[in-house]
Protein chains: 4
Amino acid sequence: MDGCPAGLRLNSGDFKETMRRRVPPDPELHSGRVELDEVELLSGVFEGRTTGAPICALVWNRDVDSRPYEEVRFKPRPGHADYTAWRRYGGYNDYRGGGRFSGRITLTHLIAGVIALKLLKRVGVEVVAYTVEIGGIKAREMPIEEIKSKVRLSPVSCPDLRASKLMEESIKKVRLMGDSLGGVVKAVALNVPAGLGEPIFESLESRISSIMYSIPGVKGVEFGLGFRSARLKGSENNDPFTVEGGRVITVTNNSGGVLGGISTGMPIEVSVAFKPPSSIPIKQRTVNLQKMEDAFISVKGRHDPCIVPKAVPVVESSLAMALCDILVEAGVIPRVLDG
Amino acid sequence: MDGCPAGLRLNSGDFKETMRRRVPPDPELHSGRVELDEVELLSGVFEGRTTGAPICALVWNRDVDSRPYEEVRFKPRPGHADYTAWRRYGGYNDYRGGGRFSGRITLTHLIAGVIALKLLKRVGVEVVAYTVEIGGIKAREMPIEEIKSKVRLSPVSCPDLRASKLMEESIKKVRLMGDSLGGVVKAVALNVPAGLGEPIFESLESRISSIMYSIPGVKGVEFGLGFRSARLKGSENNDPFTVEGGRVITVTNNSGGVLGGISTGMPIEVSVAFKPPSSIPIKQRTVNLQKMEDAFISVKGRHDPCIVPKAVPVVESSLAMALCDILVEAGVIPRVLDG
Amino acid sequence: MDGCPAGLRLNSGDFKETMRRRVPPDPELHSGRVELDEVELLSGVFEGRTTGAPICALVWNRDVDSRPYEEVRFKPRPGHADYTAWRRYGGYNDYRGGGRFSGRITLTHLIAGVIALKLLKRVGVEVVAYTVEIGGIKAREMPIEEIKSKVRLSPVSCPDLRASKLMEESIKKVRLMGDSLGGVVKAVALNVPAGLGEPIFESLESRISSIMYSIPGVKGVEFGLGFRSARLKGSENNDPFTVEGGRVITVTNNSGGVLGGISTGMPIEVSVAFKPPSSIPIKQRTVNLQKMEDAFISVKGRHDPCIVPKAVPVVESSLAMALCDILVEAGVIPRVLDG
Amino acid sequence: MDGCPAGLRLNSGDFKETMRRRVPPDPELHSGRVELDEVELLSGVFEGRTTGAPICALVWNRDVDSRPYEEVRFKPRPGHADYTAWRRYGGYNDYRGGGRFSGRITLTHLIAGVIALKLLKRVGVEVVAYTVEIGGIKAREMPIEEIKSKVRLSPVSCPDLRASKLMEESIKKVRLMGDSLGGVVKAVALNVPAGLGEPIFESLESRISSIMYSIPGVKGVEFGLGFRSARLKGSENNDPFTVEGGRVITVTNNSGGVLGGISTGMPIEVSVAFKPPSSIPIKQRTVNLQKMEDAFISVKGRHDPCIVPKAVPVVESSLAMALCDILVEAGVIPRVLDG
């Protein structure tokens with residue numbers, strides 16, 4: 001990570017909680033692979049504070065079992081990047097564990113996210129992400145304060161604890177069937193100042209969606225009402241302005257806090273659709289790339305039946321990263337932090 | 001536009017048809033403002049071919065009426081960028097016609113799109129965009145060949161001509177009510193080679209969504225099944241591979257032609273949600289920024305009751321631009337075109 | 001130009017003086033081509049101030065005579081970009097007037113420079129460029145205040161008026177011989193705050209030299225003593241620090257105001273070597289690219305016998321541009337200017 | 001390093017020779033600090049070949065002695081970045097060993113250089129750097145084949161072995177005096193295809209000079225005759241074209257292989273001026289930043305009396321990196337290497 005302001009207090013302990021959030025406590029909800037994910041800071045920190053130099057963080061994979069991947073070398077998993085990587089890199093890519101197409105790659109999002117969230121906190125910006133849908137089960141809408149207080153109580157990061165229960169059951173059931181589930185994660189950023197972002201090619205939405213689509217498994221990104229706003233009339237969708245406490249706000253926030261690529265000062269709301277994980281034990285049709293003939297595969301190894309719970313902190317981190325970059329560029333977060 | 005290969009045949013006539021597509025023939029379907037939109041090429045073309053130098057194109061606004069905008073200077077239109085622009089630029093922005101937040105800005109997408117589409121054609125890539133939803137009315141799914149043959153027959157660019165009729169009526173009705181409608185545009189790119197794009201931050205989806213969110217009014221972007229794939233099981237969503245005619249294809253294309261940020265060789269499919277235009281005659285609540293008090297606005301001037309028909313070629317152009325850039329970078333489109 | 005803060009007072013008259021500086025009053029010192037170079041502002045300015053939107057400026061070439069260029073189409077001028085452009089663009093480049101390889105392209109540097117210099121002035125930074133060498137004739141070293149007061153008195157922008165006279169004579173003489181002269185331009189930026197820039201790849205020198213090498217004819221760029229410092233001992237070259245008026249300065253400024261890629265707070269000094277113009281009437285050896293055989297050329301048309309006088313404001317503008325970008329990024333120049 | 005094509009054979013042994021070249025065998029010529037500089041490859045290589053993923057290489061500093069740096073924390077070394085880093089990072093920078101302003105940072109140039117040189121070799125491009133001047137002692141001009149055969153025989157990488165001897169003596173003498181020497185390194189790239197690079201802001205010279213100025217201690221960069229061409233007439237400086245063996249070459253190469261920012265096909269020649277190292281035992285005037293008063297410093301620790309010998313492979317690597325990037329972008333080096 002380059003570009004982190006100097007003077008931010010940071011040590012390897014700061015990453016612990018986030019790393020823990022990646023792994024739901026209930027073993028039936030995830031792949032079974034447990035990594036300690038200890039973050040070693042190699043550069044960019046001195047005497048407990050960032051120096052302004054690039055921060056290099058290292059996390060060693062300890063719990064590795066590459067044997068199940070021999071099969072996928074020439075038999076690409078449907079829905080996975082095995083085939084496209086093979087085409088892109090002429091077969092020289094590291095196929096073990098999916099290589100850099102593995103969900104493990106999101107550790108970098110999390111590490112950068114921890115730092116971004118700390119920086120945002122200094123200027124009063126808060127980011128919270130949570131599960132709004134898994135396997136078709138939708139959480140009810142809730143006030144943001146309730147969301148914040150309950151999201152950590154759910155093993156799938158769904159603040160609607162009733163829906164959370166149903167989601168958990170659904171994941172466990174599908175896991176037994178050798179199948180997988182997708183879902184939707186929503187992230188909200190509070191207290192983002194108005195007037196951030198640029199029109200057209202550097203719009204807030206362009207930058208945020210670009211980083212969201214860096215997360216493996218994402219197939220849709222929408223802001224505010226998103227696809228639902230396409231079904232409303234202008235008079236229903238427009239957010240009326242009003243003056244409250246000497247500042248301009250909008251009565252509703254259908255826009256998700258962005259108009260014309262620039263922040264309105266209302267919460268920035270982004271929803272991200274995750275497809276069901278592609279690595280499933282169920283027998284599927286594929287090809288043998290060496291023999292160029294049809295084949296079958298039943299994916300072995302340890303794979304998550306649903307990545308949404310693990311994805312929640314990744315989406316949170318990604319929104320934090322995007323906003324942090326923009327706030328540093330705009331000079332709201334200074335290049336040297338005092339105190 | 002910088003980066004266009006040298007040797008492409010190009011003249012100002014090449015832009016005519018696209019410019020015409022912007023304006024539906026039926027005056028009840030749009031704002032009533034008619035621009036000739038003649039494209040003047042100032043640089044980058046010599047003896048009928050591109051030189052490799054940046055292409056500067058100029059289109060003069062002729063049919064301008066800025067009077068209705070005096071009111072919005074200090075009374076921002078709900079749902080429009082008037083307020084955020086005012087915050088971003090400290091009130092120095094050109095508020096007339098929405099300035100660079102006007103939909104007119106998409107002329108640049110169209111101009112670049114014409115060039116991109118010509119370049120793509122040289123390597124066999126074809127892009128087609130069409131309306132799939134307006135005001136909640138959905139088009140039925142159709143084979144791509146049928147879409148291509150019918151899309152130009154519809155004044156709202158919806159190849160399902162039955163749905164098209166309903167959409168037209170819906171737009172006309174909402175226009176009389178002083179309100180507006182949103183919708184969804186889908187773009188498909190055919191014959192894109194497999195192996196294009198990069199994982200993580202430079203994924204195909206990151207680049208395409210980033211450019212889609214540069215279009216005013218876009219609130220959602222999804223690939224393939226998008227948000228619908230979040231509701232499927234892995235066994236339903238995964239696209240099985242098979243060998244056909246000596247090459248690897250997928251039986252379905254739920255992924256929208258992208259896996260792991262890299263093209264699969266199948267059609268790239270992206271859907272883009274447009275909100276209903278914010279400028280509506282209906283009286284709405286807003287604020288007076290000078291007096292910092294609540295106010296009302298009834299937006300005057302010539303505004304589209306639905307931008308989806310005009311947006312179809314813009315989405316098409318945007319997908320073409322993104323792919324063209326990537327194909328030039330990958331060396332598939334060479335830096336000098338012969339013949 | 002994108003990225004100009006909003007609120008800067010700007011009108012087309014602001015460019016007049018700089019455009020005039022391009023043409024030395026004495027017709028024997030330059031090509032004889034006289035362009036009015038009236039700058040038309042097409043966008044980015046409203047009610048006399050910048051809006052924050054990209055500024056599009058247009059200057060029409062009026063005094064054009066392309067006939068002499070037919071010969072160079074296939075007989076590249078030695079020392080000019082005719083041949084490399086032909087290779088780079090496969091022969092599709094616009095060869096007339098050298099196309100975008102013409103010195104005319106530096107008008108864009110000048111236009112951006114006018115804006116950059118105005119922005120710098122608001123934060124107290126001043127940039128002055130002057131000729132230090134033409135055809136081997138060197139100006140004596142002078143205090144910056146004397147330089148500033150005399151540079152405009154010299155038709156070749158050399159503040160040492162004795163040397164200026166010799167340079168003028170030298171240019172006139174070489175012109176009669178059908179030959180040309182090179183020289184060195186120095187630019188100095190005063191009152192640049194300490195602590196600007198980045199180490200390694202984004203060093204101040206990297207950014208400034210990169211922009212200097214965008215100017216046609218530049219073959220060398222050095223900071224402070226530059227190549228001369230390579231001949232000194234550390235004890236001679238190091239600039240001792242001292243405290244003066246409560247701030248840290250250096251006693252000498254051999255470093256040219258940059259250490260480790262970051263500004264010291266002392267004047268930034270950069271020297272730029274220009275080769276003699278390549279377009280000369282003297283008969284020279286070249287090739288015929290169509291016949292692929294040796295040939296001769298005697299370059300016709302209107303060409304400067306020495307570009308150094310015209311290059312002085314270009315170097316000044318280039319340093320201003322580079323610093324302006326860096327000061328905007330660092331937040332020293334704000335995104336909205338008040339008053 | 002990101003962007004390395006897939007399929008390049010690479011292992012940690014490939015870095016050994018270059019790492020060795022950093023340390024002249026004669027202990028009197030350098031700082032006395034000896035690092036093994038073993039390069040550990042953490043990612044981007046699989047089964048002995050690059051995968052196309054980013055390559056992460058790790059080199060541990062073993063021979064570290066930070067004690068002498070306590071003094072420089074608040075007493076910046078004249079000519080070093082201690083003061084500017086302190087200003088840039090508000091005092092939070094890691095001052096030990098100069099932090100990222102240390103010459104040690106050039107290990108990254110070397111590592112990337114090894115890879116770049118291997119890639120260049122595949123397309124026939126060769127890069128060789130050598131010392132042309134140390135402490136005012138200049139090497140005579142020599143044919144490139146002689147340079148290549150002799151440069152490794154000189155402990156200071158000067159192929160003129162007579163001059164080399166004088167340089168060595170000069171370094172040893174100045175070292176005993178507690179002082180230091182600067183010099184000039186030249187790099188030449190052979191067999192670069194014509195037509196590479198872009199005009200104006202992305203010129204070959206812009207890109208190469210930008211990377212050269214990333215090397216600590218560089219104060220000047222010139223191409224071909226550079227500052228000397230500023231003293232020639234056009235008729236002397238222009239390189240006449242001729243046809244030889246069916247291709248266009250120039251009779252001389254005063255331009256250093258670049259015209260209009262684009263390669264001519266002749267050798268690319270760049271010269272880089274290094275100042276004398278600033279860390280010298282001789283007592284120098286400085287300030288105490290805490291007390292804001294004048295002070296003295298006599299720099300302790302292990303410092304090179306002349307960095308030119310160590311800089312030679314760094315300059316070579318930097319030119320290789322710049323060219324490699326450009327050749328990959330132009331598609332000359334493919335994204336996947338076969339065989």
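Numbering of residues starts from 1 in each chain and follows the order in which that chain's sequence is written. Going through the entries in the order they are written, you letter the chains from A and number the ligands from 1. Confidence filtering applies because this is a predicted model: local features only for residues at pLDDT of at least 70, side-chain atom pairs given and counted only at 80 or more, and all residues used for totals across whole chains, interfaces and linings.

**Student:** Give me the lowdown on the overall build of chain A, citing residues and values where you can.
**Tutor:** Elements are defined by DSSP. Helices are runs of H or I of four residues or more, strands are runs of E of two residues or more, and each kind is numbered from the N terminus. In terms of regular secondary structure, chain A is built from eight helices and 15 strands. The C-alpha atoms of chain A give 21 Å as radius of gyration, which agrees with the globular expectation for 339 residues (20 Å, within 12%). Its C-alpha atoms put chain A at 70 × 55 × 40 Å along the principal axes. Between the buried cut of 20 or more and the exposed cut of 12 or fewer other C-beta atoms within 10 Å of a residue's own C-beta lies the partly exposed class, and all C-beta atoms are placed from the backbone. Here chain A, with 339 residues, has 60% of them falling under the buried criterion. Here the radius of gyration uses the C-alpha set of atoms, whereas the globule reference equals 2.2 Å times the residue count to the power 0.38.

**Student:** Account for the sheet that holds strand β6 (residues 137-138) of chain D, naming residues and giving values.
**Tutor:** Should DSSP find at least two bridges between two strands, the strands are taken to pair. Taking strand neighbours across the sheet as the criterion, the 10 strands line up as β6(C)-β5(C)-β7(C)-β13(C)-β8(C)-β8(D)-β13(D)-β7(D)-β5(D)-β6(D) in an open arrangement whose pairing is antiparallel. Each edge of the sheet is formed by a strand with only one pairing partner; in this case those strands are β6 (137-138) of chain C together with β6 of chain D. As paired strands, strand β8 (residues 218-223) of chain D and strand β13 (residues 268-274) of chain D are joined by five bridges and run antiparallel to one another. Opposite Val218(D), over in β13(D), you have Phe274(D) as the bridge partner. Strands β8 (218-223) and β13 (268-274) of chain C together with β8 of chain D of the sheet are contacted by helix α6 (residues 204-212) of chain C, whose axis makes an angle of about 155 degrees with β8(C). Placing C-beta atoms from the backbone, we regard two residues as in contact once those atoms come within 7 Å. Axes here mean lines fitted to C-alpha atoms, for a helix over just the part in contact, with angles spanning 0 to 180 degrees between N-to-C directions.

**Student:** Lay out the confidence of the model for chain A in plain terms, naming residues and giving numbers.
**Tutor:** The predictor reports its confidence for every residue as pLDDT, a score running from 0 up to 100. Summarising the model, chain A shows a mean pLDDT of 94, and 100% of its residues fall at 70 or more. Note on the complex model: pTM 0.96, ipTM 0.96.

**Student:** So what's going on with the relation of the copies chain B and chain C? Which residues, and what values?
**Tutor:** Expressed as a screw transformation, the operator carrying chain B onto chain C has a rotation angle of 180 degrees and an axial translation of 0.0 Å, and the superposed copies differ by an RMSD of 0.0 Å. What the rotation and shift describe, once combined, is the action of a two-fold rotation axis. A shared binding surface is used by both copies, with 100% of the interface residues of chain B retained as interface residues in chain C. Here the copies are superposed with least squares, the fitted atoms being C-alpha atoms of residues at a pLDDT of at least 70 in both.

**Student:** A description of the interface of chain C and chain D should follow, citing residues and the corresponding values.
**Tutor:** By convention, interface size is frequently given as the accessible area that disappears when the constituent parts associate. The partner chain D presents 80 residues to the 80 residues of chain C that form the contact. Three residue categories are used. Nonpolar comprises Ala, Val, Leu, Ile, Met, Phe, Trp, Tyr, Cys and Pro, charged comprises Asp, Glu, Lys and Arg, and polar comprises the others, including Gly. Here the residues of the side of chain C that touches chain D sort into 36 nonpolar, 29 polar and 15 charged. Bridging between β8(C) and β8(D) involves three bridges; their strand directions are antiparallel. Bridge pairing in β8(D) places Gly220(C) opposite Glu222(D).

**Student:** Let's hear about the interface of chain B and chain C: which residues, and what values?
**Tutor:** Contacts between chain B and chain C engage 17 residues on the former and 17 residues on the latter. When the residues that make up the side of chain B that touches chain C are grouped by side-chain class, the tally is six nonpolar, seven polar and four charged.

**Student:** Give me the relation of the copies chain C and chain D: which residues, what numbers.
**Tutor:** For the match of chain C to chain D, the screw axis carries a shift of 0.0 Å, the RMSD comes to 0.0 Å, and the turn is 180 degrees. Counting the interface residues of chain C, we find that 100% of their copies in chain D are interface residues as well, pointing to one common contact surface.

**Student:** Describe in detail the environment of Val45(D), supporting the description with residues and values.
**Tutor:** Residues and elements named next belong to chain D. Among the structural elements, valine 45 can be located in strand β2 (residues 45-46). With 22 C-beta atoms packed within 10 Å, valine 45 lands in the buried category. Counting along the chain gives 289 residues from valine 45 to proline 334, while the straight-line C-alpha distance between them is 18 Å. Setting aside residues no more than four positions away along its own chain, valine 45 makes contact with Leu10, Thr50, Thr51 and Ile55.

**Student:** Explain the sheet that holds strand β8 (residues 218-223) of chain B to me, using residue names and the numbers behind them.
**Tutor:** Spatially, the 10 strands line up as an open sheet ordered β6(A)-β5(A)-β7(A)-β13(A)-β8(A)-β8(B)-β13(B)-β7(B)-β5(B)-β6(B), and their pairing is antiparallel. Both edges of this open sheet fall to β6 (137-138) of chain A together with β6 (137-138) of chain B, since each of them pairs with a single strand only.

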